[in-house]
Amino acid sequence: MRLRRACLVLGACLMLFACDWVAENKLKPNESTVEDVHRYMGQPTKQWPADDGGVILEYSRMPNGTHNYMLHISPDGVLLSMEQVLTEENFNRIHTGMSEDEVRRILGAPISRVPFRLKQQVVWDWPYVGMGTQEMRFNVHFGPDGRVVEVSRTMVQTAG
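Let me begin by describing the structure that accompanies this report.

1. Quick word on the sheet that holds strand 7 (residues 134-142)
Line of reasoning, step 1. Sheet architecture is open: four strands sit in the order 5-6-7-8, paired in antiparallel fashion. At either margin of the open sheet sits one strand with a lone partner, and together these are strand 5 (112-116) and strand 8 (148-155). Averaged over neighbouring strand pairs, the angle between their axes works out to 25 degrees when direction is ignored.
Line of reasoning, step 2. Two strands pair when backbone bridges link them, and strand 6 (residues 121-130) and strand 7 are joined in this way by nine bridges, in the antiparallel orientation. Within strand 7, the residue paired with Tyr-128 across the bridge is Met-136.

2. Quick notes on the side chain of His-141
Line of reasoning, step 1. Structurally, His-141 is set in strand 7.
Line of reasoning, step 2. Apart from residues no more than four positions distant in its own chain, His-141 is found in contact with Gln-121, Val-122, Val-123, Arg-147, Val-148, Val-149, Glu-150, Val-151 and Ser-152.

3. A word on the sheet that holds strand 3 (residues 68-73)
Two pairing modes exist for strands in a sheet, parallel and antiparallel, and in both the strands are linked by backbone hydrogen bonds.
Line of reasoning, step 1. If you trace the four strands from one edge of the open sheet to the other, you get 1-2-3-4, paired in antiparallel fashion. Here the strands that pair on one side only, and so sit at the sheet edges, are strand 1 (46-49) and strand 4 (79-84). Pairs of neighbouring strands in the sheet enclose a mean axial angle of 20 degrees, with direction left out of account.
Line of reasoning, step 2. Direction of pairing for strand 1 relative to strand 2 (residues 55-60): antiparallel, over a ladder of four bridges. Bridged to Trp-48 within strand 2 is Ile-56.

4. What about the pattern of salt bridges?
Line of reasoning, step 1. Summed over all chains, the structure comprises seven salt bridges.
Line of reasoning, step 2. When the shortest N-O distance is used, the salt bridge between Asp-36 and Arg-39 registers 2.9 Å. Of the two residues, Asp-36 and Arg-39 both sit in helix 2 (residues 34-41), three residues apart, roughly one turn of that helix.
Line of reasoning, step 3. A network of salt bridges, in which partner residues are shared, links Asp-125, Glu-135 and Arg-137.

5. Regarding unusual backbone geometry
Line of reasoning, step 1. Cis geometry is adopted by the peptide bond preceding Pro-63, which originates at Met-62 and carries an omega value of 10 degrees.
Line of reasoning, step 2. Relative to the elements of secondary structure, Pro-63 occurs in the loop between strand 2 and strand 3.
Line of reasoning, step 3. Of note, Asn-30 is a non-glycine position whose phi angle comes to about 70 degrees, a positive value.
Line of reasoning, step 4. Within the secondary structure, Asn-30 is located in the loop between helix 1 (2-26) and helix 2.
Line of reasoning, step 5. By relative accessible area, Asn-30 is classed as exposed at 58%.
Line of reasoning, step 6. Even without being glycine, Gln-120 reaches a positive phi, approximately 55 degrees.

6. Regarding the pairing of strand 7
Line of reasoning, step 1. The buried fraction of strand 7 amounts to seven of the nine residues, a majority that puts the element mostly inside the structure.
Line of reasoning, step 2. Hairpin connection from strand 6 to strand 7: three residues lie between these consecutive antiparallel strands, with Met-131 at a positive phi of about 50 degrees.
Line of reasoning, step 3. Sheet topology places strand 7 next to strand 8; seven bridges connect them, and they run antiparallel. Residue pairing in the sheet places Met-136 in a bridge with Met-155 of strand 8.
Line of reasoning, step 4. The turn joining strand 7 and strand 8, which pair antiparallel and follow one another in sequence, is formed by five residues; a positive phi near 75 degrees is taken by Gly-146.

7. Some words on the packing of aromatic side chains
Line of reasoning, step 1. Going through the model one piece at a time under the given rule, you end up with five aromatic pairs.
Line of reasoning, step 2. Centroid distance Phe-91 to Phe-138: 4.3 Å. Interplanar angle 10 degrees. Geometry classified as stacked. Note that Phe-91 is positioned in helix 3 (residues 88-91) and Phe-138 in strand 7, a separation of 47 residues in sequence.
Line of reasoning, step 3. Where Trp-124 meets Trp-126, the ring centres are 6.1 Å apart and the plane angle is 55 degrees; that geometry is what we call tilted. Comparing Trp-124 with Trp-126 shows no difference in burial state: the two are buried.
Line of reasoning, step 4. Connected via pairs of aromatic rings, a cluster forms that spans Phe-91, Trp-124, Trp-126, Tyr-128, Phe-138 and Phe-142.
Line of reasoning, step 5. Cation over ring: Arg-39 sits above Tyr-40, and NZ or CZ is 5.8 Å from the ring centre.
Line of reasoning, step 6. Sitting over the ring of Trp-48, Lys-46 keeps its end group 4.9 Å from the ring centre.

Basis of the calculations
- Residues numbered from 1 in each chain as written.
- Predicted model: local features only at pLDDT ≥ 70, side-chain atom pairs only at ≥ 80, totals over all residues.
- Heavy atoms only, no water.
- Pairing = 2+ DSSP bridges.
- Helix = DSSP H or I, 4+ residues; strand = E, 2+ residues; numbered from the N terminus.
- Axes fitted to C-alpha atoms, helices over the stretch in contact; angles between N-to-C directions.
- Contact = heavy atoms within 4.5 Å.
- Salt bridge = Lys/Arg side-chain N within 4 Å of Asp/Glu carboxyl O.
- Buried < 20%, exposed > 50% of the residue type's maximum accessible area, 1.4 Å probe, protein only.
- Phe/Tyr/Trp six-rings, centres within 6.5 Å; stacked < 30°, edge-to-face > 60°.
- Lys NZ or Arg CZ within 6 Å of the ring centre and 35° of its normal.

If you want it as structure tokens, here you go:
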């Protein structure tokens with residue numbers, strides 16, 4: 001039973017990697033259509049309005065991945081850009097006072113939302129690979145008003 005479960009998990013991880021690899025290699029900015037995006041990426045986890053009248057499609061690879069993608073689709077349905085958003089540059093854009101929507105628009109869906117009642121905070125976190133191959137979590141702490149009060153990082157300890 002454990003071997004079967006391990007094989008299923010491995011297969012799911014490989015499918016996610018294969019989907020991202022295919023999407024990154026098949027989808028071409030200024031050529032691919034929104035139909036191509038849906039074919040290779042599936043349905044988005046969220047849609048955001050773009051300033052140009054188009055749409056930003058969010059594709060989360062949580063809980064098994066370390067990538068979130070934002071794809072900018074023009075008003076006429078053409079892919080303009082595809083960005084993996086869990087990056088140091090985007091982590092550095094998160095600051096005190098931002099709303100939950102503002103943070104999600106930059107980083108995509110978190111892997112978890114954990115309430116800390118005594119601190120009166122809810123902490124969202126995103127997995128990423130840092131310091132070479134070290135699995136890390138980027139954490140955003142929201143206060144009772146739903147605004148960022150601090151950010152932190154945690155190292156994921158692995159057995160062994």
